[in-house]
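Examination of the molecular architecture
Single-letter residue listing:
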Amino acid sequence: MDKFETLTGIAAPMPLMNIDTDMIIPKQFLKTIKRSGLGVNLFDEMRYDADGNENPDFVLNQPAYRDAQIIVAGDNFGCGSSREHAPWALLDFGVRCVISTSFADIFYNNCFKNGILPIVLPKEQVDALMEDAEKGANVRITVDLEAQTVTASDGTAYPFEVDAFKRRCLLEGLDDIGLTMEKAASIDAFEETAAQARPWV
């Protein structure tokens, strides 16, 4: 998993409330167990029409936001079914951070396990960042996980809180496998001792 330290990038405004996981990645794309290749189907039903043509009104199809790495969203982002494909699709598109007033618990935790930082801020601060994002591609928002701040294009910094363990995992690029591999020496020592004690196993 890639480390998340500081990100400065384009933020796409998505003021919709209750953006659920089926909107993020519709159910017909859940057949794969690969984490790559899902970005093209991110927000599929909003991005494309019935013939597969891009909807020019959808924010991520607009030239200013095609390279967005941050989404500023309405309340209750990631609600609905507990599909890990949702953060996979966001990450494959290039999104590394989502800012909202609240997230569904399972989606929130899945983000950290896949290298995405979900940030919870008060509504007035999310509204200010939404307004900033609506200015287009010339605006850059900076997210500093070490300092735990989101800085708008005008220099206004908004502090955020994140669990210390989840923060360390993102800063060091540790997913569940990475955390396990930190204990590799202890695991190897245990297996060697166990093999000597029970050679018949």
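Check the entry above for the structure.
Residues numbered from 1 in each chain as written. Predicted model: local features only at pLDDT ≥ 70, side-chain atom pairs only at ≥ 80, totals over all residues. Heavy atoms only, no water.

The next point concerns the overall build of the protein. Regarding its fold elements, the protein presents 8 helices and 8 strands. In terms of overall dimensions, the protein has C-alpha extents of about 65 × 45 × 25 Å along its principal axes. Across the 201 residues that make up the protein, the buried fraction comes to 45%. Once local pairs closer than 6 in sequence are excluded, the contacts in the protein between residues at least 24 apart make up 66%. Counting only carbon and sulfur atoms, one obtains 52% of the accessible surface of the protein, whose full area is about 10,500 Å². Positive and negative side-chain charges of the protein, numbering 18 and 32 respectively, have mean locations separated by a distance of 5 Å. (Helix = DSSP H or I, 4+ residues; strand = E, 2+ residues; numbered from the N terminus. Buried < 20%, exposed > 50% of the residue type's maximum accessible area, 1.4 Å probe, protein only. Contact = heavy atoms within 4.5 Å. Areas by Shrake-Rupley, 256 points an atom, 1.4 Å probe, with all protein chains shown as cover. Lys, Arg positive; Asp, Glu negative; His and termini not counted. Charge placed at Lys NZ, Arg CZ, Asp CG, Glu CD.)

Another point: the sheet that holds strand S8 (residues 157–159). An order of S1-S6-S7-S8 is seen for the 4 strands of this open sheet, with the pairing classed as antiparallel. Each edge of the open sheet is held by one strand with a lone partner, namely strand S1 (6–9) and S8. Taken pair by pair, the neighbouring strands of this sheet meet at an average axis angle of 15°, ignoring direction. Bridge count for strand S6 (residues 141–144) against strand S7 (residues 149–151) is 3 bridges, and the pairing is antiparallel. Paired with Thr 142 across the two strands is Thr 151, which belongs to S7. Of the strands in this sheet, S6, S7 and S8 are in contact with helix H5 (residues 123–133), which crosses S8 at around 145°. (Pairing = 2+ DSSP bridges. Axes fitted to C-alpha atoms, helices over the stretch in contact; angles between N-to-C directions.)

Time to look at the pairing of strand S4 (residues 97–100). Side-chain alternation along S4 places Cys 97 and Ile 99 on one buried face and Val 98 and Ser 100 on a second face that is also buried. Taken together, strand S3 (residues 70–73), helix H3 (residues 85–93) and S4 constitute a β-α-β crossover, and its handedness is right-handed. In this structure, S4 lies alongside strand S5 (residues 117–120), joined through 4 bridges in parallel fashion. Across the sheet, the residue bridging to Ser 100 is Val 120, located in S5. (Right-handed = clockwise from strand over helix to strand, strands pointing away.)

Let us look at the side chain of Asp 44. Topologically, Asp 44 is positioned in helix H2 (residues 44–47). One buried charge, Asp 44, has no salt-bridge partner; the nearest side chain with opposite charge is Arg 47, at 6.6 Å. If we skip the residues at most four places from it in the chain, Asp 44 touches Met 23, Pro 26 and Phe 29. (Salt bridge = Lys/Arg side-chain N within 4 Å of Asp/Glu carboxyl O.)

Let us now look at the sheet that holds S3. Within the open sheet, the 4 strands sit side by side as S2-S3-S4-S5. Their pairing is parallel. The open sheet has two edge strands, strand S2 (11–14) and S5, and neither has a second partner. Taken pair by pair, the neighbouring strands of this sheet meet at an average axis angle of 20°, ignoring direction.

Looking now at the packing of H3 against helix H4 (residues 105–113). Working note: a packed helix pair is described by the angle between its axes plus the distance between those axes. Direction vectors running N to C along H3 and H4 enclose 50°, while the axes themselves pass 9 Å from each other. With respect to each other, H3 and H4 are oriented oblique. The chirality of how H3 crosses H4 is right-handed. Between H3 and H4, the contacting residues are Ala 86, Pro 87 and Leu 90 on the first element and Phe 107, Asn 110 and Cys 111 on the second. (Parallel < 35°, antiparallel > 145°, perpendicular 65-115°, else oblique. Left-handed = near helix turned anticlockwise from the far one by under 90°.)

Okay, the pairing of S1 next. Residues Leu 7 and Gly 9 line the buried face of S1, whereas the alternating positions Thr 6 and Thr 8 sit on a face that is not buried. Of the pairings in the sheet, the one linking S1 to S6 comprises 4 bridges and is antiparallel in character. Paired with Thr 8 across the bridge in S6 is Thr 142.

What follows deals with unusual backbone geometry. Residues other than glycine seldom take positive phi values, yet Phe 43 does so here, at roughly 55°. Within the secondary structure, Phe 43 sits in the loop between helix H1 (21–24) and H2. What makes Phe 43 buried here is its relative accessible area of 0%.

Core analysis: the biggest nonpolar cluster contains 56 residues, and Phe 43, Phe 77 and Leu 90 have the highest contact counts within it. With 5 residues, H3 is the largest single contributor of residues to this core. Not counting the four nearest positions on each side in its chain, Phe 77 is found in contact with Ile 19, Ile 24, Phe 43, Leu 90, Val 98, Ser 100, Ser 102, Phe 103, Ala 104 and Phe 107. (Core = buried A, V, L, I, M, F, W, Y, C linked by side-chain atoms within 4.5 Å.)

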